[in-house]
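Notes for the structure review
Letter by letter, the chains look like this.
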Amino acid sequence: GAGVSQSPRYKVAKRGQDVALRCDPISGHVSLFWYQQALGQGPEFLTYFQNEAQLDKSGLPSDRFFAERPEGSVSTLKIQRTQQEDSAVYLCASSFRQGSSPLHFGNGTRLTVT
Amino acid sequence: GENVGLHLPTLSVQEGDNSIINCAYSNSASDYFIWYKQESGKGPQFIIDIRSNMDKRQGQRVTVLLNKTVKHLSLQIAATQPGDSAVYFCAGAGASGGGADGLTFGKGTHLIIQP
């Protein structure tokens, strides 16, 4: 497809489980971002990749959150030992190049931790 | 970073009327702004962007106005249609325009179109 693809669309995890969320960016897009969106709020920045390099992870809320993009294309956001406060929609976005280009978002993964 | 926020959480307009959604930002160093539309269950969809060297930019039925003096931007939607019902976010960034800074989003305005 032409857009950013995220999977799964929905994920229910029991507290303490590990989860992995996948993002397929638009082909050729250099920059990739992960955002977290709580209900009724705007997206909050988590981390940023340029190709395979993770240049900014300042938004990751704890060391239980880990993201990777080993080949500069697909990215995975992993959350270890999930907690209820991790429940949110996780959005992935990509852009063609760094600098002055809009981000194109996927439809997100809705994570519910019970 | 950037602090971007919206004045009103909900805006209700009659179908066919024009809508204006407002946004204030705090970081005068921000030089790139985007408006996104988000429908239920979907990711934010790009509407229009503007750089700080401009004060107005027009798209199809949409206009973004930027007032750097008071650090305010607005999104005008002409002749609103039922499909315009959504949450609208403004987002700002530094010179990288969504690069290392990422975009900083406001909380959003829910636009409701009354038939």
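Rules and cut-offs
- Once a new chain begins, its residue numbering starts again from 1 and follows that chain's sequence as written.
- Numbering of ligands from 1 and lettering of chains from A proceed in the order in which they are written.
- Given that this is a predicted model, residues contribute local features only at a pLDDT of at least 70 and side-chain atom pairs are listed and counted only at 80 or more, while totals for whole chains, interfaces and linings are drawn from all residues.
- As a convention, hydrogens and water are excluded, and side-chain values are obtained from all of the structure's heavy atoms.
- Every helix listed is a DSSP run of H or I at least four residues long, and every strand listed is a run of E at least two residues long, numbered separately from the N terminus.
- The buried label goes to any residue with under 20% of its type's maximum accessible area, the exposed label to any with over 50%, and the partly exposed label to all in between, with areas taken from a 1.4 Å probe on protein chains only.
- Per-residue and other accessible areas follow the Shrake-Rupley method at a 1.4 Å probe size, with only the shown protein chains counted as cover for residues.
- Throughout, the radius of gyration refers to the C-alpha atoms, and the reference size of a globule is 2.2 Å times the residue count to the power 0.38.
- Residue contacts are defined here by distance: any two heavy atoms, one from each residue, within 4.5 Å place the two residues in contact.
- Counting rule for charge: Lys and Arg are taken as positive, Asp and Glu as negative, and neither His nor the chain ends is counted.
- Lys charges are placed at NZ, Arg charges at CZ, Asp charges at CG and Glu charges at CD.
- Whenever a carboxyl oxygen of Asp or Glu lies within 4 Å of a side-chain nitrogen of Lys or Arg, that contact is scored as a salt bridge.
- A 1.4 Å probe that fits into a set of points on a 1 Å grid over the protein atoms alone but cannot get out defines a cavity; an open set with protein on both sides within 12 Å along at least five of seven lines defines a pocket, and lining residues are those with an atom within 4 Å of a point.
- Grid points are joined across faces, edges and corners, and a volume is the space filled by probe spheres set on the points.
- In this classification, the charged set is Asp, Glu, Lys and Arg, the nonpolar set is Ala, Val, Leu, Ile, Met, Phe, Trp, Tyr, Cys and Pro, and all remaining amino acids, among them Gly, are polar.
- Following DSSP output, two strands are said to pair if at least two bridges run between them.
- Angles shown run from 0 to 180 degrees and are taken between the N-to-C directions of axes, each axis being a line fitted to C-alpha atoms and, for helices, limited to the stretch in contact.
- Only a pair of cysteine sulfur atoms within 2.5 Å counts as a disulfide in this structure description.
- Under this definition, polar contacts are N or O atom pairs within 3.5 Å; protein pairs additionally need one hydrogen-donor-capable and one acceptor-capable atom, and for neighbouring residues in sequence, both atoms have to be side-chain atoms.

**Observations concerning the overall build of chain B**
The number of helices and strands found in chain B is zero helices and 11 strands. Overall, chain B shows an N-to-C arrangement of helices and strands of β-β-β-β-β-β-β-β-β-β-β. Counting over 115 residues, chain B shows a buried share of 45%. Of the roughly 5300 Å² that chain B leaves accessible, carbon and sulfur atoms contribute 47%.

**Some remarks on the overall build of chain A**
For chain A, the helix and strand inventory stands at zero helices and 11 strands. Secondary structure elements in chain A, listed N-terminal to C-terminal, are β-β-β-β-β-β-β-β-β-β-β. A compact globule built from 114 residues would reach a C-alpha radius of gyration of about 13 Å, and chain A, at 13 Å, matches this within 12%. C-alpha extents for chain A along the principal axes are approximately 40 × 25 × 25 Å. Here chain A holds 114 residues, and 47% of them are scored as buried. In chain A, the share of contacts with a sequence separation of at least 24, taken over all contacts with a separation of at least 6, comes to 53%. Of the accessible surface of chain A, which amounts to about 5600 Å², a share of 46% is contributed by carbon and sulfur atoms. Taken as two groups, the 12 positive and 10 negative side-chain charges of chain A have centres that lie 6 Å from each other.

**A word on the pattern of salt bridges**
In total, this model carries six salt bridges over all chains according to the counting rule given. The salt bridge involving Asp-86 of chain A is made with Arg-64 of chain A; its shortest N-O contact spans 2.8 Å. Residue Asp-86 of chain A is located in the loop between strand S8 (75-79) and strand S9 (88-95), and its partner Arg-64 of chain A is located in the loop between strand S6 (53-56) and strand S7 (65-68); the two are separated by 22 residues in the primary sequence. Each of the two residues, Asp-86 of chain A as well as Arg-64 of chain A, counts as buried. Notably, a salt bridge pairs Glu-39 of chain B with Lys-42 of chain B, separated by 3.9 Å at the nearest N-O pair.

**Here's the deal with the layout of surface pockets**
Taken as a whole, the largest pocket encloses approximately 560 Å³ of empty space. Lining the largest pocket are 28 residues, with Gln-37, Ala-38, Leu-39, Gly-40 and Arg-110 of chain A sitting closest to its centre. Going through the elements one at a time, S9 and strand S11 (109-113) of chain A together with strand S9 (86-93) and strand S11 (109-114) of chain B are the ones with two or more residues in the lining of the largest pocket. With four residues, S11 of chain A is the single largest residue contributor to the lining of the largest pocket. Grouping the amino acids of the lining of the largest pocket by side-chain chemistry returns nine nonpolar, 14 polar and five charged.

**Considerations on the sheet that holds strand S3 (residues 19-24) of chain A**
Residue and element names in this part refer to chain A. Strand order in the open sheet made by the four strands is S1-S3-S8-S7, with antiparallel pairing throughout. The sheet is open, and its two borders are formed by strand S1 (5-7) and S7, each paired with just one other strand. Averaged over all neighbouring strand pairs, the angle between strand axes comes to 15°, with direction disregarded. Judged from the five bridges that link them, S3 and S8 form a sheet pairing that is antiparallel. Bridge pairing links Ala-20 to Lys-78 in S8.

**A word on the state of the cysteines**
Residues and elements named next belong to chain A. As enumerated under the stated definition, the model contains two disulfides over all chains in all. Linked covalently through their sulfurs, Cys-23 and Cys-92 form a disulfide whose S-S length is 1.9 Å. Taking the sign of the S-S torsion, about -70° here, the bridge from Cys-23 to Cys-92 comes out left-handed. Pair noted here: Cys-23 is in strand S3 and Cys-92 is in strand S9, with a separation of 69 residues, a long-range link. Taken individually, Cys-23 and Cys-92 each receive the classification buried, so the pair is uniform in this respect.

**Structural notes on the environment of Gln-37 of chain A**
All names here are of chain A. Structurally, the position occupied by Gln-37 is in strand S4 (residues 31-37). Residue class for Gln-37 comes out buried when judged on its relative accessible area of 9%. A polar contact of 2.9 Å, which involves the side chain of Gln-37, links it to the backbone oxygen of Gln-41.

**Some words on the environment of Val-62 of chain B**
Among the structural elements, Val-62 of chain B can be located in strand S7 (residues 62-67). Sequence separation between Val-62 of chain B and Ile-50 of chain B is 12 residues, and the spatial gap between their C-alpha atoms is 12 Å.

**As for the pairing of S6 of chain A**
All names here are of chain A. For strand S5 (residues 44-50) and S6, the ladder comprises three bridges, and the chain directions are antiparallel. Residue pairing across strands places Tyr-48 opposite Asp-56, the latter belonging to S6. Two successive antiparallel strands, S5 and S6, enclose a turn made up of two residues, where Asn-51 displays a positive phi of approximately 55°.

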